[in-house]
Amino acid sequence: MTHQSAATAVAAAAHAEMANCIRFLAADAVQAAKSGHPGMPMGMADVATVLFTRFLKFDAADPAWADRDRFVLSAGHGSMLLYALAYLTGMPGMDMEDLRAFRQLGSKTAGHPEYGHAPGIEVTTGPLGQGIATAVGMALAERMAAARHGDALVDHHTYVIAGDGCLMEGISQEAISLAGHLKLGKLIVLWDDNSISIDGATDLSTSDDNLARFEASGWETCRVDGHDPEAVAAAIAAARDTDRPTLIACKTVIGFGAPNKQGTAATHGAPLGDDEIAATREALGWTHGPFELPESALAAWRAAGARGATNRAAWQNRLDTTDGSVRDAFQSTLSGDLPEGWDTPLKAHIAGLIADAPTVATRVASQKALEALVPAIPAMVGGSADLTGSNNTRIGGMTPVKPGDYAGAYIHYGVREHGMAAAMNGLALHGGFIPYGGTFLVFADYSRPSIRLAALMGVRAIHVMTHDSIGLGEDGPTHQPIEHLASLRAMPNVKVFRPADAVETAECWALALQNKGGPSVLALSRQGLPTLRKAESEDMPSARGAYVLAEAEGGARQVTLLATGSEVMLAVAARDTLQGEGIPTAVVSMPCWEVFAEQDGAYRESVLGAGTVRVAVEAACGMGWDRWIGDGGAFVGMDGFGASAPAPKLYQHFGITADALVAAAKARL
């Protein structure tokens with residue numbers, strides 16, 4: 001044997017031992033938990049070992065280093081791959097006891113990776129396809145940040161491990177199409193091409209040529225043996241030297257090493273069993289017990305985790321010595337904090353609205369608010385799912401992001417609501433950006449899974465959802481949201497704002513921007529609405545979630561009319577009638593239920609009017625309103641789908657009128 005071949009053999013043996021660390025940590029943890037997915041980590045251990053030891057730019061001592069490569073485990077069911085890598089490379093906050101506690105209550109090592117629970121988890125994954133789609137946003141954020149701050153501070157790749165299921169989900173097509181169009185050359189997807197799904201072989205349900213599919217969307221593609229480390233390394237090296245995103249199809253054996261179950265669905269979502277793990281140890285020559293690792297392999301892994309320290313130190317030096325204004329801008333946007341004085345132009349804008357009292361659709365009012373906000377907050381990046389002119393999400397001076405030109409601040413997402421919402425999550429997770437994106441409220445159905453993940457992760461993404469009721473008119477019931485407000489309000493950690501006029505719209509924008517801990521939805525009207533707020537306020541009434549817009553006069557309050565959005569003006573008209581009949585009536589505007597629910601009980605009671613007749617109105621279904629109107633209250637709204645007609649005709653047809661409010665109130669006095 002020559003010296004070179006001997007060295008190659010030693011390197012191969014070292015690689016195998018390091019990869020087997022991943023395999024057995026995964027198998028042992030799943031077995032201890034009595035549930036989990038050992039097959040994917042065992043099958044992709046070779047690919048992950050090559051990536052983390054030879055290519056991934058990271059420093060395990062500082063997992064949040066701003067210029068690290070991002071690694072997204074889109075196939076989140078294989079979470080033990082990620083947890084094993086975090087432990088093996090020496091990331092602080094991940095120890096062997098955490099691996100032993102896999103899938104247990106309160107553990108960092110949840111069944112699927114959860115952002116913020118443990119180091120190295122860039123995004124919550126599990127719902128298939130979400131990871132690859134979020135990674136598109138991360139890769140786009142990297143290019144946009146580099147265009148703003150320079151390659152010396154921002155120059156990294158985004159890697160994804162995706163499975164067959166990720167590529168079957170529809171969101172993957174939206175994601176790969178957008179990434180290919182934008183030429184995100186620093187996005188590299190490693191496909192775990194094992195031809196197995198839960199039901200069995202993938203040919204039970206699909207015969208796609210995924211390489212041809214990706215190529216059609218503008219990607220580079222190649223196919224390698226996922227258990228040949230040199231072939232994997234060559235493919236990754238080539239992928240790093242192109243201006244297009246790359247798919248590397250890694251042909252693997254699911255559950256690699258398990259002699260009786262490898263290559264079958266039996267290894268996908270269940271423990272291997274004690275006998276099969278013992279057989280796997282024998283087959284792979286692994287003489288170590290459960291959760292035991294050879295010192296040489298662990299030392300090699302720790303060295304791999306530390307190899308990025310020099311790069312990180314050099315980057316820190318570049319940051320420290322760069323021009324002060326560039327450094328300050330970079331650090332300011334990365335912090336996620338709003339810049340000092342950001343709300344000064346907004347306050348001036350609100351004062352002007354109160355003085356001028358315009359009648360405008362809240363979607364138009366939103367655009368006017370953006371004209372005050374976007375120049376003051378450089379981190380804001382807008383977009384729309386091919387509805388820019390309808391959503392009013394782009395202001396003058398915003399240049400679009402284009403293939404190869406990422407200096408703009410507006411993204412044309414195309415008709416890809418789901419992909420847009422996931423990319424927005426990626427932009428926010430990467431850091432340096434506050435994304436907002438527009439579509440119609442009815443199409444929240446298309447973007448809901450990504451909104452839910454944003455809520456679960458606590459990620460600030462602002463969804464501008466216009467055409468928020470039957471008030472959109474002639475487009476009819478396919479486009480008229482009915483149940484959507486209720487369904488979004490039902491989602492934990494989502495703030496749903498439905499402003500009544502231009503003033504509330506500006507305030508709700510401010511509140512959404514300050515909501516760093518989760519996504520916000522701005523539900524905005526197509527039809528014009530009058531300005532209802534007549535006087536300036538020292539504070540921001542919408543910041544309490546609900547407030548008394550017009551108090552009862554002529555005696556103690558007897559009736560409280562509750563409303564959101566375009567129906568607040570109906571409540572004001574009904575109040576005029578009731579007051580004229582000697583019935584003291586108050587109007588409460590409720591732009592955000594979630595914020596109102598956070599207020600103290602005394603404030604809520606003062607707004608809702610204890611002991612008064614409560615009548616609520618909203619051009620949507622009544623689900624959830626019982627919480628505010630009580631058992632004796634009344635609701636005026638929708639109990640079925642809408643229809644195609646001019647908006648005023650629809651309000652009359654469905655009985656959502658001031659007269660209906662008056663009648664409901666008087667019937668309960």
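Residues numbered from 1 in each chain as written. Predicted model: local features only at pLDDT ≥ 70, side-chain atom pairs only at ≥ 80, totals over all residues. Heavy atoms only, no water.

A. Examining the pairing of strand S18 (residues 585–589) more closely. Counting buried residues in S18 gives five out of five residues, a clear majority hidden from the surface. Here S18 shows two buried faces, one formed by Thr-585, Val-587 and Ser-589 and the other by Ala-586 and Val-588. Where strand S16 (residues 547–550) lies against S18, three bridges are found, and the strand directions are antiparallel. Across the sheet, Ala-550 pairs through a bridge with Val-587, a residue of S18. Sheet analysis places strand S17 (residues 559–563) next to S18, joined by five bridges and oriented parallel. Within the sheet, the bridge partner assigned to Ala-563 lies in S18 and is Ser-589. Once you follow S17 into helix H22 (residues 568–580) and on to S18, the crossover reads as right-handed. (Buried < 20%, exposed > 50% of the residue type's maximum accessible area, 1.4 Å probe, protein only. Helix = DSSP H or I, 4+ residues; strand = E, 2+ residues; numbered from the N terminus. Pairing = 2+ DSSP bridges. Right-handed = clockwise from strand over helix to strand, strands pointing away.)

B. Up close: the pattern of salt bridges. Under the definition given, this model contains 28 salt bridges. The shortest N-O distance in the salt bridge between Arg-54 and Glu-230 comes to 2.9 Å. Taken together, the positions of Arg-54 in helix H3 (residues 45–55) and Glu-230 in helix H10 (residues 229–239) put the pair 176 residues apart, joining distant regions of the chain. Between Arg-223 and Asp-193 there is a salt bridge; the shortest N-O distance is 3.3 Å. Remark: Asp-193 occurs in strand S3 (residues 187–193) and Arg-223 occurs in strand S6 (residues 220–225); sequence separation between them is 30 residues. Of the residues examined, Asp-193 reaches a relative accessible area of 5% and is grouped as buried. Ionic contacts of the salt-bridge type, sharing partners, join the residues Glu-142, Arg-143, Asp-151, Asp-155 and Lys-186 into one network. (Salt bridge = Lys/Arg side-chain N within 4 Å of Asp/Glu carboxyl O.)

C. Summary view of helix H8 (residues 170–182). For H8, with 13 residues, the first-to-last C-alpha span of 19 Å sits near the 18 Å given by 1.5 Å per residue. Along H8, the residues that are buried comprise Ile-171, Ser-172, Ala-175, Ile-176, Leu-178, Ala-179, Gly-180 and Leu-182. Lys-183 lies just past H8 and shows a positive phi near 55°. (Expected span 1.5 Å × (residues − 1).)

D. Broad picture of the environment of Thr-560. Mapped onto the elements of the fold, Thr-560 is located in strand S17. Residues Thr-560 and Leu-370 lie 190 residues apart in sequence; the distance between their C-alpha atoms is 33 Å. In this structure, Thr-560 is in contact with Ala-586, Val-588, Val-607, Leu-608, Gly-609, Thr-612, Val-613, Arg-614 and Val-615, ignoring residues within four places of it in sequence. Polar side-chain contacts of Thr-560 include one of 2.9 Å to the side chain of Arg-557. A polar contact is formed between the side chain of Thr-560 and the backbone oxygen of Leu-608, at a distance of 3.2 Å. (Contact = heavy atoms within 4.5 Å. Polar contact = N/O pair within 3.5 Å; in protein donor to acceptor, adjacent residues only side chain to side chain.)

E. How the structure looks around the sheet that holds strand S12 (residues 462–466). Ordered by their spatial adjacency, six strands build an open sheet running S10-S9-S11-S12-S14-S13, and the pairing between neighbours is parallel. Looking at which strands have only one partner, the edges of the open sheet turn out to be strand S10 (410–412) and strand S13 (495–497). Here the strands of the sheet are splayed against their neighbours by 20° on average, with no regard to which way each runs. Relative to S10, strand S9 (residues 380–384) runs parallel, the two being bridged by three bridges. From the neighbouring strand, Ser-384 faces S10, where its bridge partner is His-412. Of the strands in this sheet, S9, S10, strand S11 (434–440) and S12 touch helix H18 (residues 417–430), which is tilted by about 170° from S11. Those strands touched by helix H21 (residues 502–514) are S9, S11, S12, S13 and strand S14 (520–523), and its axis lies near 150° from that of S12. (Axes fitted to C-alpha atoms, helices over the stretch in contact; angles between N-to-C directions.)

F. The state of the cysteines, seen in detail. The tally for this structure, following the rule as stated, stands at zero disulfides. Cysteine Cys-166 remains unbridged, with the sulfur of Cys-250 as its closest cysteine sulfur at 13 Å. Cysteine Cys-250 is unpaired, with the sulfur of Cys-222 as its nearest cysteine sulfur at 7.6 Å. Of the residues examined, Cys-250 reaches a relative accessible area of 0% and is grouped as buried. (Disulfide = S-S within 2.5 Å.)

G. A look at the sheet that holds strand S2 (residues 158–163). Taken in spatial order, the five strands of this open sheet run S1-S2-S3-S7-S6, and their pairing is parallel. At either margin of the open sheet sits one strand with a lone partner, and together these are strand S1 (70–73) and S6. Sheet twist, expressed as the mean angle between neighbouring strand axes with direction ignored, is 20°. As paired strands, S2 and S3 are joined by six bridges and run parallel to one another.

H. Structural detail: the packing of helix H6 (residues 130–149) against H18. At a minimum axis separation of 7 Å, H6 and H18 run at an interaxial angle of 55°. Here H6 is positioned oblique relative to H18, judged by the angle of their axes. Where H6 crosses over H18, the two elements pack in a sense that is right-handed. Contacts between H6 and H18 involve Gln-130, Ala-133, Thr-134, Gly-137, Met-138, Leu-140, Ala-141, Glu-142, Met-144 and Ala-145 from the first element and His-418, Ala-422, Ala-423, Asn-425, Gly-426, Leu-427, Leu-429 and His-430 from the second. Of the residues in the contact of H6 with H18, the class split is ten nonpolar, seven polar and one charged. (Parallel < 35°, antiparallel > 145°, perpendicular 65-115°, else oblique. Left-handed = near helix turned anticlockwise from the far one by under 90°. Nonpolar A, V, L, I, M, F, W, Y, C, P; charged D, E, K, R; others polar.)

I. Spotlight on the environment of Ala-297. By secondary structure assignment, the location of Ala-297 is in helix H12 (residues 295–306). Each C-alpha atom of the pair Ala-297 and Ala-16 lies 9.5 Å from the other, and the pair is 281 residues apart in sequence.

J. Representation of the packing of aromatic side chains within the structure. Scanning the model with the defined rule gives 15 aromatic pairs in all. Between Phe-440 and Phe-443, the ring centres sit 6.0 Å apart and the planes meet at 15°, which makes this aromatic pair stacked. For the pair shown, Phe-440 and Phe-443 are each scored as buried. Taken together through their ring pairs, the aromatic side chains of Trp-593, Phe-596, Tyr-603, Trp-625, Trp-628 and Phe-635 make up a single cluster. A cation sits over an aromatic face here: Arg-302 above Tyr-87, 5.0 Å from the ring centre. Over the ring of Tyr-603 we find Arg-544, and its NZ or CZ is 3.7 Å from the ring centre. (Phe/Tyr/Trp six-rings, centres within 6.5 Å; stacked < 30°, edge-to-face > 60°. Lys NZ or Arg CZ within 6 Å of the ring centre and 35° of its normal.)

K. Representation of the environment of Ala-506 within the structure. Topologically, Ala-506 is positioned in helix H21. What makes Ala-506 buried here is its relative accessible area of 0%. Between the alpha carbons of Ala-506 and Lys-347 there is a distance of 8.8 Å; along the sequence they are 159 residues apart. Apart from the residues within four sequence positions on either side, Ala-506 is in contact with Leu-346, His-349, Ile-350 and Ala-369.

L. View of the side chain of Lys-57. Within the secondary structure, Lys-57 is located in the loop between H3 and S1. Of the residues examined, Lys-57 reaches a relative accessible area of 18% and is grouped as buried. Within the structure, the side chain of Lys-57 is placed 2.9 Å from the side chain of Asp-67, a separation counted as a polar contact. Looking at Lys-57, its side chain comes within polar contact range of the main-chain oxygen of Asp-155, at 2.7 Å. Those residues in contact with Lys-57 that lie beyond four places of it in its chain are Trp-65, Asp-67, Arg-68, Asp-69, Asp-155, His-156 and Asn-311.

M. Focus on unusual backbone geometry. You will see that Ala-357, though not glycine, has its phi angle at about 50°, which is positive. Relative to the helices and strands, Ala-357 is located in the loop between helix H15 (344–356) and strand S8 (360–361).

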